[in-house]
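As a plain string of letters, each chain reads:
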Amino acid sequence: MFEKVLKADGFIAALDQSGGSTPKALQMYGITEDSYVEGEKSMFDKVHEMRTRIITSKAFDGDRILGAILFEDTMDREIEGLSTGHYLWQKR
């Protein structure tokens, strides 16, 4: 992995918005503030849905993405039945 990060083309995906920056990130993604309660589980559910769509996109693969920075809440959740970390390592 170190060699890949050192020598390969690509970037590290920063998917680590915390509560303070999340409303703006959701708004930029087209999710309106009336679809969740700021600072509550419903907001973090929406951000996990957003991250899941990004991570499961065909464009999000090892050819472009060298690594990912994830918010702790994302690490505690699942994508397609796998923990987020396992999904990224096994599928991407």
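Residues numbered from 1 in each chain as written. Predicted model: local features only at pLDDT ≥ 70, side-chain atom pairs only at ≥ 80, totals over all residues. Heavy atoms only, no water.

## Here's the deal with a nonpolar patch on the surface
Cut-off, in case you're wondering: Candidate patch residues must exceed 30% relative accessible area and have no salt bridge, after which like charges are joined if within 9 Å and Val, Leu, Ile, Met, Phe, Trp or Tyr side chains if within 5 Å. Calculation of accessible area relied on Shrake-Rupley with a 1.4 Å probe; when residues are assessed, cover is drawn exclusively from the protein chains displayed. Salt bridge, as used here: a side-chain nitrogen of Lys or Arg that lies within 4 Å of a carboxyl oxygen of Asp or Glu. Numbered from the N terminus, helices here are DSSP runs of H or I no shorter than four residues, and strands are runs of E no shorter than two. Buried residues are those whose accessible area, probed at 1.4 Å on protein chains only, stays under 20% of the maximum for their type, while exposed residues exceed 50% and partly exposed ones sit between those limits.
A surface patch of nonpolar side chains, amounting to about 380 Å² of accessible area, comprises Met-1, Val-5 and Trp-89. If you trace the backbone, Trp-89 turns up in helix α5 (residues 84-91). Residue class for Trp-89 comes out exposed when judged on its relative accessible area of 67%.

## Overview of the confidence of the model for the chain
As a reminder of what qualifies: pLDDT measures how confident the predictor is about each residue, on a scale from 0 to 100.
Residues with a pLDDT of 70 or more make up 98% of the chain, whose mean pLDDT is 90. Helix α1 (residues 2-7) is the least confidently modelled element of the chain, averaging 84 in pLDDT, while strand β3 (residues 78-79) averages 97, the highest of any element.

## Some thoughts on the packing of helix α3 (residues 41-56) against α5
Note the threshold: Note on geometry: axes are C-alpha line fits, over the in-contact stretch for helices, and angles between N-to-C directions span 0 to 180 degrees. Any angle from 65 to 115 degrees is called roughly perpendicular, while one under 35 is roughly parallel, one over 145 is roughly antiparallel, and all others are oblique. Contact criterion: two residues are considered in contact whenever any of their non-hydrogen atoms come within 4.5 Å of each other. Nonpolar residues are Ala, Val, Leu, Ile, Met, Phe, Trp, Tyr, Cys and Pro. Charged residues are Asp, Glu, Lys and Arg, and all others, Gly as well, are polar.
As a packed pair, α3 and α5 sit with axes 12 Å apart at the nearest point and diverge in direction by 10°. As judged from the angle between their axes, α3 and α5 are roughly parallel. Packed against α3, whose contacting residues are His-48, Ile-55 and Thr-56, the element α5 presents Thr-84, Tyr-87 and Leu-88 at the interface. Its residues assigned to classes, the contact of α3 with α5 comprises three nonpolar, three polar and no charged.

## Some details on the pattern of salt bridges
Pairing is possible between side chains of opposite charge, provided their charged atoms come close. Scanning all chains against the criterion turns up six salt bridges. Two residues, Asp-45 and Arg-77, come together in a salt bridge whose shortest N-O distance is 3.0 Å. Taken as a pair, Asp-45 in helix α3 and Arg-77 in the loop between α4 (72-75) and β3 lie far apart in primary sequence, 32 residues in all. Across the salt bridge formed by Asp-61 and Arg-64, the nearest N and O atoms sit 3.5 Å from each other. We classify Arg-64 as partly exposed; its relative accessible area is 43%. Among the charged side chains, a salt-bridge network with shared partners connects Lys-41, Asp-45, Asp-73 and Arg-77.

## Some words on α5
Note the following rule: Arc definition: it is the arc formed by the directions from the helix axis to the C-beta atoms.
When we look at burial in α5, the residues that qualify are Thr-84, Tyr-87 and Leu-88. The buried side chains of α5 occupy one side of the element, clustering within an arc of 95° when seen end-on. Set apart from the buried face of α5 by more than 90 degrees, the exposed residues are Trp-89 and Gln-90. The inward-facing, buried residues of α5 contact α3, β2 (65-70), α4, β3 and β4 (82-83).

## Observations regarding the nonpolar core
The cut-off we apply is this: What is meant by a nonpolar core is a set of buried Ala, Val, Leu, Ile, Met, Phe, Trp, Tyr and Cys residues, joined one to another through side-chain atoms within 4.5 Å.
With nine residues, the main nonpolar core is built from Ala-13, Leu-15, Ile-55, Phe-60, Ile-65, Leu-70, Ile-79, Tyr-87 and Leu-88. Counting only elements with at least two residues in this core, the list comes to β1 (11-15), β2 and α5. Counting residues in each nonpolar core, the second largest holds eight residues, with Leu-26, Ile-31, Met-43 and Val-47 among its members.

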